[in-house]
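Structural features, examined
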Amino acid sequence: MDAHWLAMPILQQLNSGVLVLSTDYGISFYNQFIERRLGVPLAEVRHKSLFDVFTDLPEAWLKRKLDSVIALNAPTFSSWEQRPYVLKLPHLRPVTGGSDYMMQNCSMLPLVHPHTGETFICLLIEDATDVSIYQLELQRNMQALQQANRLDGLTRLYNRSYWEQLLHSEVLRAKRYHQPLSLILFDLDKFKQLNDDYGHLGGDFVLIELASFIQSLLRESDFLGRYGGEEFGIILPNTSQSGATEVAERICRQVAAHQLLFNQRIIRATISLGVAEFNPHRHQEAHDLLQCADVALYVSKRQGRNRSTSYRDDLQKVLQKVN
Ligand SMILES: Nc1nc2c(ncn2[C@@H]2O[C@H](COP(=O)(O)OP(=O)(O)OP(=O)(O)O)[C@@H](O)[C@H]2O)c(=O)[nH]1
């Protein structure tokens, strides 16, 4: 069977765009897929330059691509992920949730006329709008899920496992670049009593409010996380022990002065804090730093609470005295 008569109807019905160019970028043909979206009949633009008919074409990039198709006599491809579209065409969908223009995969193929030997370039335009929308939606969901996995459900601070990962990375960074790194651990004082006085909801309220209050006192480069029930940690990159001690004392004062209103009752909470600096000569890993901050926090508790203690080697002796 002679199949030539099939070509044109199929070309016109295709659910992809077909655009044929001469080597000087003149339009020789486009099918109905492109004609419908462009809104210009082919007869009006035949032989006109592609760059005069389609606005906003990436001219330099596209000319390089088209010239290479001719020079190498080999096809080339551009995906929507590299460049959202080549031809600026509407996507004809009522709702996309994304761009107003059709996302495109575009193949560029060399063609040679069988009788005249003349060379042409064919652009095959595949509508990738649906795929791009699903993919972007998927990426957004993945990011939201990843973010949710990192956060503590009650306070929306970093949860323990993610905060520990951050601490681990910061310890590696401090070791590698010889930068100071400090850690503050703090714990709400007499929180059991607070829960008894105001109920578990009152306790939760205090945790949520103090988390956001303390977050507001920190630099954006510090990492505040919920370490346990009413215990929290702050990683302070690029901060020496004296700097971290100042931060801890300021937080301690401001928390004690902060009034929380719960069910028309004023709650005053205090915290105890322990500060330690990473010491690359004595600490192997994050765990060693955590231990020092924990000892300092313990001393704050034993010495009466609502205070901050900086780690020193003789703290163990201090503890023995207090005990
Ligand atoms: N409301 C509430 N309470 C919590 C949460 N997590 C832990 N707690 C409570 O926090 C209290 C901690 O009590 P303790 O470890 O005895 O310490 P404390 O009463 O704060 O005493 P000190 O730490 O010695 O000042 C316990 O009663 C826990 O039930 C939470 O998410 N919400």
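Note that the coordinates shown come from a computational prediction; the quantities given were computed from them, not determined experimentally.

All right, on to the domain arrangement of the protein then. Partitioning the protein into structural domains gives domain 1 (4-135) and domain 2 (152-322). Distance from the C-alpha centre of domain 1 to the C-alpha centre of domain 2: 60 Å.

Looking at the secondary structure, you find His91 in the loop between β3 (76-78) and β4 (104-112). For His91, a count of 21 C-beta atoms within 10 Å gives the class buried. Sequence-wise, His91 and Asp127 are 36 residues apart; in three dimensions their C-alpha atoms are separated by 7.9 Å.

Side chains of residues three or four places apart in an α-helix project in the same direction, reflecting 3.6 residues per turn. Counted at 1.5 Å a residue, the expected span for helix α8 (residues 191-216) with its 26 residues is 38 Å, but the 22 Å between its end C-alpha atoms falls short. The sharpest bend along α8 measures roughly 120 degrees and falls at Tyr198. Where α8 is concerned, the buried positions are Leu194, Gly203, Val206, Leu207, Leu210 and Ile214. For α8, the secondary structure elements touched by its buried residues are β7 (223-226), α9 (241-257), β9 (259-262) and β10 (265-268).

Judged by pairing direction, the sheet is antiparallel, and its five strands sit side by side in the order β2-β1-β5-β4-β3 without closing on themselves. Where the open sheet ends on each side, the last strands, each with one partner, are β2 (27-30) and β3. Neighbour-to-neighbour, the strand axes of the sheet open up by a mean angle of 20 degrees, direction not taken into account. With three bridges joining them, β3 and β4 adopt antiparallel strand pairing. Bridge pairing links Thr76 to Met108 in β4. Relative to β4, helix α5 (residues 59-72) is tilted by about 35 degrees, and along the sheet it contacts β1 (17-22), β3, β4 and β5 (119-127).

If you check the shell around the ligand, you find 17 residues, and the closest are Asp189, Phe191, Lys192, Gly203 and Gly229. Elements with a contribution of two residues or more to the shell around the ligand: β6 (181-188) and α8. If you tally residues by element for the shell around the ligand, the top one is α8, at eight residues. Class assignment of the residues belonging to the shell around the ligand gives a composition of four nonpolar, five polar and eight charged.

Scoring rules and cut-offs
- Residues numbered from 1 in each chain as written.
- Predicted model: local features only at pLDDT ≥ 70, side-chain atom pairs only at ≥ 80, totals over all residues.
- Domains from an automatic or database assignment.
- Helix = DSSP H or I, 4+ residues; strand = E, 2+ residues; numbered from the N terminus.
- Buried ≥ 20, exposed ≤ 12 C-beta atoms within 10 Å, placed from the backbone.
- Expected span 1.5 Å × (residues − 1).
- Bend = angle between axes of the 7 residues up to and from the residue.
- Contact = placed C-beta atoms within 7 Å.
- Pairing = 2+ DSSP bridges.
- Axes fitted to C-alpha atoms, helices over the stretch in contact; angles between N-to-C directions.
- Near = placed C-beta within 6 Å.
- Nonpolar A, V, L, I, M, F, W, Y, C, P; charged D, E, K, R; others polar.

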